[in-house]
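Observations on chain architecture
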Amino acid sequence: MIYLDNSATTALCDAAKKKIAECLDCYGNPSSRHTLGLDSKKLVDEARVSVALSLGLKRGDAQSIIFTSCGTEANNLAILGSAYAKDKRRANKIITTNSEHPSVENVMQRLERDGFDVVRLSTRGGELDVEKFEQEMDSSVLFVSVMAVNNETGACYDVKKLFAEAKRRNPDVITHCDAVQGYLKLDICPQKMGADLYSVSAHKIHGPKGVGALYISPDMVKTKKIIPYIIGGGQESGFRSGTENLLGIVGFGAAAREGFENFSQNREKLISLRKLCEEEVTRAGAVVNTPCGERAPHIVSIRLPKIKSETMLNFLSAKGICVSAGSACSSHSQSVSGTLVDFGLARDEADSTIRVSLGIYNTEEDIKTFGAVLKDGIDMLVRFKRLY
Ligand code: PLP
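Examining the domain arrangement of the protein chain
- Per the domain assignment, the segments of the protein chain are domain 1 (2–8 + 263–387) and domain 2 (14–261).
- Using C-alpha coordinates to define each centre, domain 1 is positioned 28 Å away from domain 2.
- At the interface, 29 residues of domain 1 touch 29 residues of domain 2.
- Counting each side, the surface lost to burial between domain 1 and domain 2 is near 2,500 Å², with a carbon and sulfur contribution of 51%.
- Counting the contacts that link domain 1 with domain 2 gives zero salt bridges.
- Scanning the region where domain 1 abuts domain 2 turns up 16 residue pairs in polar contact (both at pLDDT 80 or more).
- When residues of the side of domain 1 that touches domain 2 are traced back to their parent elements, those giving at least two are α10 (263–283), β10 (299–303) and α12 (338–343).
- Tallied by class, the residues present in the side of domain 1 that touches domain 2 amount to 13 nonpolar, eleven polar and five charged.

Looking at the site of the ligand
- Among the 15 residues in the neighbourhood of the ligand, the closest are listed as T72, D178, Q181, S201 and K204.
- Contact between the ligand and Q181: an oxygen atom at 2.8 Å from a side-chain N or O atom of the residue.
- Side-chain polar atom of S201 to an oxygen atom of the ligand: 2.6 Å apart, as the coordinates give it.
- Per element, the largest residue contribution to the shell around the ligand is three residues, and it comes from helix α3 (residues 71–83).
- Within the shell around the ligand, the residues separate by chemical class into four nonpolar, nine polar and two charged.

Description of helix α2 (residues 35–54)
- In this model α2 runs 29 Å from its N-terminal to its C-terminal C-alpha over 20 residues, within 8% of the 28 Å that 1.5 Å per residue would give.
- For α2, the set of buried residues is G37, S40, L43, V44, A47, R48, V49, S50, V51, A52 and S54.
- On its buried side, α2 packs onto α1 (14–22), β2 (65–68), β8 (212–216) and α9 (246–261).
- Where α2 ends, the next residue or the one after it, G56, has phi of about 75 degrees, a positive value.

Description of the nonpolar core
- Counting 57 residues, the largest nonpolar core has F67, V144 and F252 as the members making the most contacts within it.
- When near neighbours in sequence (up to four residues on either side) are disregarded, F67 contacts V44, A47, R48, V51, V211, G212, A213, E236, R240, I249 and F252.
- Counting residues in each nonpolar core, the second largest holds 30 residues, with I2, A284, F315 and V323 among its members.

Comments concerning empty space enclosed by the protein
- Summed over the entire model, instances satisfying the criterion amount to two cavities of 30 Å³ or more.
- A volume near 230 Å³ is recorded for the largest cavity.
- Counting residues per element, the ones that place at least two in the lining of the largest cavity are α9 and α10.
- Among the elements that line the lining of the largest cavity, the one with the most residues is α10, at four residues.
- Broken down by class, the residue content of the lining of the largest cavity amounts to ten nonpolar, eight polar and four charged.

Notes on the environment of K132
- Examined against the element boundaries, K132 turns out to sit in helix α5 (residues 130–136).
- Residue classification places K132 among the partly exposed positions, given a relative accessible area of 29%.
- Along the backbone, K132 and E258 are 126 residues apart, and their C-alpha atoms lie at a distance of 40 Å.
- When sequence neighbours within four positions are dropped, the list of residues in contact with K132 reads V119, R120 and L121.

Basis of the calculations
- Residues numbered from 1 in each chain as written.
- Predicted model: local features only at pLDDT ≥ 70, side-chain atom pairs only at ≥ 80, totals over all residues.
- Heavy atoms only, no water.
- Domains from an automatic or database assignment.
- Contact = heavy atoms within 4.5 Å.
- Buried area = accessible area lost by both parts, 1.4 Å probe.
- Salt bridge = Lys/Arg side-chain N within 4 Å of Asp/Glu carboxyl O.
- Polar contact = N/O pair within 3.5 Å; in protein donor to acceptor, adjacent residues only side chain to side chain.
- Helix = DSSP H or I, 4+ residues; strand = E, 2+ residues; numbered from the N terminus.
- Nonpolar A, V, L, I, M, F, W, Y, C, P; charged D, E, K, R; others polar.
- Near = heavy atom within 4 Å.
- Expected span 1.5 Å × (residues − 1).
- Buried < 20%, exposed > 50% of the residue type's maximum accessible area, 1.4 Å probe, protein only.
- Core = buried A, V, L, I, M, F, W, Y, C linked by side-chain atoms within 4.5 Å.
- 1 Å grid on protein atoms, 1.4 Å probe; cavity = no way out; pocket = protein on both sides within 12 Å on 5 of 7 lines; lining within 4 Å.
- Points joined across faces, edges and corners; volume = space filled by probe spheres on them.

Listed below in structure tokens is the structure:
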């Protein structure tokens, strides 16, 4: 089996497996005051430091990391938490993009129904519509939410520049970045980016599923610009109640530490695999949907010659190769990806696009085999189409 769907999820790394195995018998509740509870709390705090360091924070700033159940929940907490913390009559506008993940876009739709004015910037060709941003960015803006890396196209948006301009025009504005696909893939971190809120997820970096984190800047906490929406026993500094997912959190900490320590070599490996993949794809007769500007090291969006992505997906799957059509998260809906259309593809082109996402466990051999099978698939399916 060749797994090329690492943007959907990744395999657990050995460090995460080892740490989870070591903690299997740690059943104390981190909120309990007895020894078992304190032992669990220590494990959660250690993991919090590892995640903080992986985000370029200092050990002493680890309290800014709030563990959540996933990247989706981190995005929900960031957006709903800050939208409802403020009197919406004072600042009612939210700026985001046309190609956010559903865990941002669907929350924006809820806010629109609740009376917020949501402005979406186009991301045509993989670039933010800066002109529209400049027209819209004024004192009525409550919140700017822009992802670091697009999960379907691999486009990297210049979030740092956008956030700096947003703060210059309106120092009160709240900045949020969904960094789930950029985490440990790009050299980015919340403080350098100027993000007040920054979402990440463990299972995209070889940690376990069911755990994520939101960075909340100390200023957001001090000025009470964010409120929790999961309310209960006050865990996670009151921002996310509920007994912590201890095994998930320790696994996340281990994966974060490992990913951070090996960041440069992992990134180099992914870039070299991406280059090889793009060559193979071109040789096979498909086209890479290349975003302008910086690209994620691990995502290759591939346009097939008049073959539906679903058909190719099944062909590849039957040969033991796992890729996805557009993005795994939108695969529940039958409609064509809005992100790809906004990127500039015609609907039929978007319908013929597959996504390969590379991981550190992939080899050059994997990519070459994929290239050969893709070529066979294209030749066969195009011939089949001509016949019928
Ligand atoms: N944001 C982006 C850009 C993603 O790609 C994903 C998952 O694919 C998420 C958020 C959601 O993360 P999770 O699966 O941890 O909920």
